[in-house]
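Below are the chains, spelled out letter by letter.
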Amino acid sequence: MNKIALVTGATSGIGEACARKLAIIGYNMIITGRRAERLDALARELSALGVGVITLEFDVRDREAATAAINGLPPEWQEIDVLVNNAGGAWGLEPEYEGNYEDWDTMIDTNIKGLLTMTRLIVPGMVKRDRGHVVNIGSVAGDAAYAGGNVYCATKSAVKALSDGLRIDVAHSSVRVTNIKPGLVETNFSVTRFHGDKERADGVYKGIQPLTGQDIAECVAFAVSAPAHVQVAELLVLATHQASGSVIHRS
Ligand code: NDP
Ligand code: 8X3
């Protein structure tokens, strides 16, 4: 059987592009997210490439559902080689002293606790088999805060700390850990951040050519395809004309 990759948040943007790319390079795919219809459509597309595909519909914040989904995989699908912890997002861009409690909880529960749950469920098998690769989708937002980024930036700083911590904790094994830190990627990210305000979301990508989900998927493929002795620990990937989370030259 081909190697197996699991991508969380494969229904949109970066996760969807990663699932597509990993299938193209021959991985059997476990694709997860909350929207069953989108998972089914992607599964049909990936199956046509000749790889095996399993869809798992669950919310990464729901530990019981995540556990049941992973433990319920057929035995031949349990040996996951690559985990792409991608599900997440930003909710709100208010100053920290005016932020929305619900948005904060959503970001912390999804971007930090959801990622941790998936890691906790899948990495023990990798360590036992002495092979595997965890790719966490962090962000340039985790390197430094920007105006209104506060809690989102904190969650992505946490992704960096958790990636570094995991790399230390699995160093005795052949498991590799990569933190990919994208800058501006045009996906549904900003629509989510602005609670469905598409016009405001479009403004984020005005005057600059943003990255695409596919650009990030290429980085994921590069990291997981590196020779076994090469561990790509981190990749910071910005749009040209973007220098940091807050310095963006627009024309
Ligand atoms: P999208 O909004 O396009 O995709 C987000 C994905 O996450 C969807 O597939 C969504 O699936 C999934 N998701 C969100 N919440 C949950 C949940 N509770 N349970 C399961 N799945 C969930 O945005 P992106 O593709 O841009 O975002 C993907 C990752 O990339 C995020 O972690 C984001 O922080 C990060 N990132 C994005 C950047 C950007 O500029 N776009 C830059 C740097 C990092 P569904 O709704 O079906 O559950
Ligand atoms: C997404 C990139 O700079 O909008 O993590 O926070 S940014």
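Right above here is the structure, for reference.
Residues numbered from 1 in each chain as written. Chains lettered and ligands numbered in written order. Predicted model: local features only at pLDDT ≥ 70, side-chain atom pairs only at ≥ 80, totals over all residues. Heavy atoms only, no water.

Section: the site of ligand 2
Under the convention used in this document: Nearness of a residue to a molecule or strand requires only that one of the residue's heavy atoms be within 4 Å of it. In protein, a polar contact requires one atom able to donate a hydrogen and another able to accept it; more generally it is a pair of N or O atoms within 3.5 Å, and residues adjacent in sequence count only if both atoms are side-chain atoms. Throughout, the Shrake-Rupley method with a 1.4 Å probe supplies accessible areas, and for residues the shown protein chains are the sole cover considered.
In the vicinity of ligand 2, the residues found are Ser139, Val140, Ala141, Tyr146, Tyr152, Gly183 and Phe189. Contact between ligand 2 and Ser139: an oxygen atom at 2.5 Å from a side-chain N or O atom of the residue. Within the side chain of Tyr146, a nitrogen or oxygen atom sits 2.5 Å from an oxygen atom of ligand 2. Alone, ligand 2 offers 250 Å² of accessible surface; in the complex the protein occludes 89% of this.

Things to note about the side chain of Arg193
As a reminder, the rule being used: Secondary structure elements follow DSSP: runs of H or I no shorter than four residues count as helices, runs of E no shorter than two count as strands, and numbering proceeds from the N terminus. Only protein chains enter the accessibility calculation, which uses a 1.4 Å probe; a residue is then buried when its area is under 20% of its type maximum, exposed when over 50%, and partly exposed in between. Positive residues here are Lys and Arg, negative ones are Asp and Glu, while His and the chain termini are left out of the count. For this analysis, a salt bridge means a side-chain nitrogen from Lys or Arg found within 4 Å of a carboxyl oxygen belonging to Asp or Glu. Between two residues, a contact is recorded if the distance between any of their heavy atoms is within 4.5 Å.
Among the structural elements, Arg193 can be located in helix 6 (residues 189-193). Despite its burial, Arg193 pairs with no opposite charge; the closest candidate is Glu94, at 8.1 Å N-O. Of note is the side chain of Arg193, whose polar atom sits 3.0 Å from the side chain of Tyr146. With residues near it in sequence (within four places) discarded, Arg193 still touches Ala90, Trp91, Gly92, Leu93, Tyr146, Gly149 and Tyr152.

A word on the sheet that holds strand 6 (residues 176-182)
Formally: Here a strand pair is declared whenever DSSP counts at least two bridges between the two strands. Here the axes come from fitting lines to C-alpha atoms, over the contacting stretch only for helices, and the angles between their N-to-C directions go from 0 to 180 degrees.
One open sheet holds the 7 strands; their spatial order is 3-2-1-4-5-6-7, and the pairing between them is parallel. Every interior strand has two partners, whereas the edge strands, strand 3 (53-57) and strand 7 (234-237), have only one. Here the strands of the sheet are splayed against their neighbours by 15 degrees on average, with no regard to which way each runs. Note: strand 1 (residues 4-7) against strand 4 (residues 82-85), 3 bridges, orientation parallel. Looking across to strand 4, one finds that Ala5 is bridged to Val82. Of the strands in this sheet, strand 1, strand 2 (28-33), strand 4 and strand 6 touch helix 1 (residues 13-24), which is tilted by about 170 degrees from strand 1.

Comments concerning the side chain of Ser139
Its place among the elements puts Ser139 in the loop between strand 5 (133-137) and helix 5 (150-169). Polar side-chain contacts of Ser139 include one of 2.8 Å to the backbone nitrogen of Ala141. Leaving out residues up to four positions away in the same chain, Ser139 has contacts with Tyr152, Lys156, Ile180, Lys181 and Pro182.

Details of the site of ligand 1
Here is the rule we go by: Ten residue types, Ala, Val, Leu, Ile, Met, Phe, Trp, Tyr, Cys and Pro, are classed as nonpolar, four, Asp, Glu, Lys and Arg, as charged, and the remainder, Gly among them, as polar.
Lining the immediate environment of ligand 1, one finds 31 residues, of which Thr11, Ser12, Arg34, Tyr152 and Thr187 sit closest. Within the contact set of ligand 1, an oxygen atom lies 2.5 Å away from a side-chain nitrogen or oxygen of Ser12. Relative to its unbound accessible surface of 870 Å², ligand 1 loses 95% to contact with the protein. Those elements that provide at least two residues to the shell around ligand 1 are helix 1, helix 5 and helix 6. Classifying every residue of the shell around ligand 1 gives 11 nonpolar, 15 polar and 5 charged.

Digging into the packing of helix 1 against helix 8 (residues 213-225)
As a reminder of what qualifies: When describing relative orientation, an angle under 35 degrees is termed roughly parallel and one over 145 degrees roughly antiparallel, while 65 to 115 degrees is termed roughly perpendicular and anything else oblique. A clockwise turn of the near helix away from the far one marks a right-handed crossing, whereas an anticlockwise turn of less than a right angle marks a left-handed crossing.
Where helix 1 contacts helix 8, the axes come no closer than 8 Å and their chain directions differ by 50 degrees. Regarding the angle of helix 1 to helix 8, the classification is oblique. In terms of crossing hand, the pair formed by helix 1 and helix 8 is right-handed. For the pair helix 1 and helix 8, contact is made by Gly13, Ile14, Ala17, Cys18, Lys21 and Leu22 and by Gly213, Gln214, Ile216, Ala217, Glu218, Val220, Ala221 and Val224, respectively. Considering only residue class, the contact of helix 1 with helix 8 consists of 9 nonpolar, 3 polar and 2 charged.

As for the packing of aromatic side chains
Defined as follows: Any two rings among Phe, Tyr and Trp, with Trp reduced to its six-membered ring, count as a pair given centres within 6.5 Å; such a pair is stacked if its planes are under 30 degrees apart, edge-to-face if over 60, and tilted if neither.
Under the counting rule described, the total for this entry stands at 2 aromatic pairs. Measuring from centroid to centroid gives 5.6 Å for Tyr101 and Trp104, while their planes differ by 80 degrees, and the two rings are edge-to-face. Taken together, the residues Tyr101 and Trp104, both in helix 4 (residues 101-129) and 3 residues apart, mark about one turn of the helix. Since its relative accessible area comes to 65%, Tyr101 is described here as exposed.

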